[in-house]
Amino acid sequence: MIRLLLVDDHTIIRDGIQALLADVPDFQVVGQARNGRELLDMLPATPADVVLMDLNMPGVSGFEAVPLLREQFPQVRVLILSMLDHEKYVQQVLEAGALGYVLKNASKEEIVHAIRTVAAGKPFLCTEIGLNLLSKLVQGHAAPAAKKPSDLSNRETEVLKLIAEGLTNAEIADKLFTSKRTIETHRQNIIEKTQAKNTAALIKFAMENGLLV
């Protein structure tokens with residue numbers, strides 16, 4: 001049996017969660033609290049395995065209660081149930097000692113799974129937050145924001161393609177019927193615009209932007 005304590009400053013939310021979980025055979029709601037202070041006062045006389053807690057509450061908020069719980073009742077697992085979906089809040093409470101984070105718009109099945117996972121001592125993030133974090137992680141590892149090909153003039157793009165093909169400045173000048181000095185100027189402009197440090201970087205830039213076919 002997993003003993004639960006529900007912490008939220010809205011009675012209707014606490015009662016709603018309790019009703020939602022009433023038919024889960026291995027769950028037992030042993031108490032309710034309106035904020036972190038009531039929770040901390042209640043725990044010595046009302047042992048619980050998992051605390052299902054909101055963050056924004058008057059008095060002692062969830063943000064303040066999580067580190068206090070970790071210090072005073074380290075055996076109690078904390079699962080945050082909140083509408084706050086910003087990753088900074090998720091990171092803050094997880095680093096403070098919460099083991100899981102679920103949004104209030106999650107399905108009953110996901111909340112039940114989250115409680116069981118956290119009760120087993122394993123971390124849990126609801127699907128929506130997990131996908132948001134994954135999306136930001138992917139974006140953070142995307143290719144560096146070098147200048148786009150559209151920032152290059154048509155002639156510079158043409159010169160870049162020929163550089164990527166391995167032609168020297170003199171060979172490019174002959175091919176484009178211009179002077180070697182002009183090509184050198186184009187090459188320098190391309191380096192500045194793409195922020196490439198050498199020819200290899202220029203070739204990589206050309207490949208990544210579809211200039212080599």
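Please read all numbers here as calculations on a predicted model, not as lab measurements.

Student: Just to check I follow, could you spell out the packing of helix α3 (residues 62-72) against helix α4 (residues 87-96) for this structure?
Tutor: A pair of packed helices is characterised by two quantities: the angle between their axes and the separation of those axes. Put simply, α3 and α4 touch, their axes get as near as 8 Å, and they point 20° apart. In terms of axis orientation, α3 runs roughly parallel to α4. Crossing angle aside, the handedness with which α3 passes α4 is right-handed. Within the contact between the two elements, α3 uses Phe 63, Val 66, Pro 67 and Arg 70 and α4 uses Tyr 89, Gln 92, Val 93, Glu 95 and Ala 96. Looking at the contact of α3 with α4, its residues break down into six nonpolar, one polar and two charged.

Student: Would you take a moment to explain the packing of helix α7 (residues 154-164) against helix α8 (residues 169-176) for this structure?
Tutor: Two elements in contact, α7 and α8, have axes separated by 10 Å at closest approach and are oriented at 130°. Classified by the angle their axes make, α7 and α8 are oblique. The handedness of the crossing between α7 and α8 comes out as right-handed. Taking contact as the criterion, the partners of Arg 155, Glu 158, Val 159, Leu 162 and Ile 163 in α7 are, on α8, Ile 172, Lys 175 and Leu 176. Here the residues of the contact of α7 with α8 sort into five nonpolar, no polar and three charged.

Student: Just checking my understanding: could you explain the confidence of the model for the protein for this structure?
Tutor: It should be kept in mind that the predicted coordinates are not to be read in detail where pLDDT is low. Predicted confidence across the protein gives a mean pLDDT of 86, with 88% of residues reaching 70 or more. Within the protein, the lowest mean pLDDT, 66, falls on helix α6 (residues 127-140), and the highest, 98, falls on strand β3 (residues 50-53). Across residues 141-147, confidence stays below pLDDT 50; counting only partners more than four residues off in sequence or on other chains, it has six contacts.

Student: I keep staring at the sheet that holds strand β4 (residues 77-82) and nothing clicks. Help me out?
Tutor: Think of a sheet as strands paired side by side through backbone hydrogen bonds, with each pair either parallel or antiparallel. One open sheet holds the six strands; their spatial order is β2-β1-β3-β4-β5-β6, and the pairing between them is parallel. Each of the sheet's edge strands pairs with one partner strand only, and the pair in question is β2 (27-33) and β6 (124-125). Lying on the sheet, helix α1 (residues 11-21) is in contact with β1 (2-7), β2, β3 and β4; it crosses β2 at an angle near 175°.

Student: Honestly, the pairing of β3 in this entry has me stumped. Any pointers?
Tutor: Moving residue by residue along a regular strand, the side chains alternate between the two faces of the sheet. Where burial is concerned, the two faces of β3 agree: the one with Val 50 and Leu 52 and the one with Val 51 and Met 53 are both buried. Pairing of β1 with β3 involves four bridges; the strand directions are parallel. Bridged to Val 7 within β3 is Met 53. Two strands pair when backbone bridges link them, and β3 and β4 are joined in this way by four bridges, in the parallel orientation. Looking across to β4, one finds that Val 50 is bridged to Arg 77. In this fold, β3 hands off to α3, which returns the chain to β4; that crossover is right-handed.

Student: In this structure, what is going on with unusual backbone geometry? I would like to understand it.
Tutor: Glycine aside, a negative phi is what most residues show, and trans is what most peptide bonds show. In this structure, Phe 177 takes a positive phi of about 55° despite not being glycine. Within the secondary structure layout, Phe 177 lies in the loop between α8 and α9 (180-194). Its relative accessible area of 77% is what places Phe 177 among the exposed residues.

Student: Would you mind showing me how to read empty space enclosed by the protein here?
Tutor: In this approach a probe as big as a water molecule rolls over the atoms, and the regions it shows empty are the leftover space. Applying the stated criterion across every chain, the model contains one cavity of 30 Å³ or more. Every residue along the wall of the largest cavity is listed here: Leu 6, Val 7, Asp 8, Ile 17, Leu 52, Met 53, Asp 54 and Leu 81. If you list the elements that add at least two residues to the lining of the largest cavity, you get β1 and β3. A breakdown of the residues in the lining of the largest cavity according to their chemical character gives six nonpolar, no polar and two charged.

Conventions and cut-offs
- Just so you know, the residues in each chain are numbered from 1, in the order the chain's sequence is written.
- Restriction of local features to residues with pLDDT of at least 70 applies here, the model being predicted, together with a cutoff of 80 or more for giving and counting side-chain atom pairs; totals for whole chains, interfaces and linings are based on all residues.
- Excluded from the side-chain calculation are hydrogens and water; included are all heavy atoms of the structure.
- Axis definition: a line fit to C-alpha positions, over the contact stretch in the case of helices; interaxial angles, taken between N-to-C directions, run 0 to 180 degrees.
- Secondary structure elements are taken from DSSP: a helix is a run of H or I of four residues or more, a strand is a run of E of two residues or more, and numbering for both begins at the N terminus.
- Convention used here: angles under 35 degrees read as roughly parallel, angles over 145 as roughly antiparallel, angles from 65 to 115 as roughly perpendicular, and any remaining angle as oblique.
- Throughout, a crossing is termed right-handed when the near helix is turned clockwise from the far one, and left-handed when it is turned anticlockwise from it by less than a right angle.
- In this description, contact between two residues means that some pair of their heavy atoms is separated by no more than 4.5 Å.
- Residue polarity is assigned by list, with Asp, Glu, Lys and Arg as charged and Ala, Val, Leu, Ile, Met, Phe, Trp, Tyr, Cys and Pro as nonpolar; anything else, Gly included, falls into the polar class.
- Each residue carries a pLDDT value, the predictor's own confidence for that position, ranging from 0 to 100.
- Pairing between strands requires that DSSP locate at least two bridges from one strand to the other.
- Under the scheme applied here, a residue whose accessible area is under 20% of the maximum for its type counts as buried, over 50% as exposed, and between as partly exposed, the area being computed with a 1.4 Å probe on protein chains only.
- By definition, the crossover connecting two strands over a helix is right-handed if that path, from the first strand to the second, turns clockwise as seen with the strands pointing away from the viewer.
- Residues are called lining when one of their atoms sits within 4 Å of a cavity or pocket point, these points coming from a 1 Å grid over the protein atoms alone, where a cavity is a set in which a 1.4 Å probe fits but cannot get out and a pocket is an open set with protein on both sides within 12 Å along at least five of seven lines.
- Grid points are joined across faces, edges and corners, and a volume is the space filled by probe spheres set on the points.

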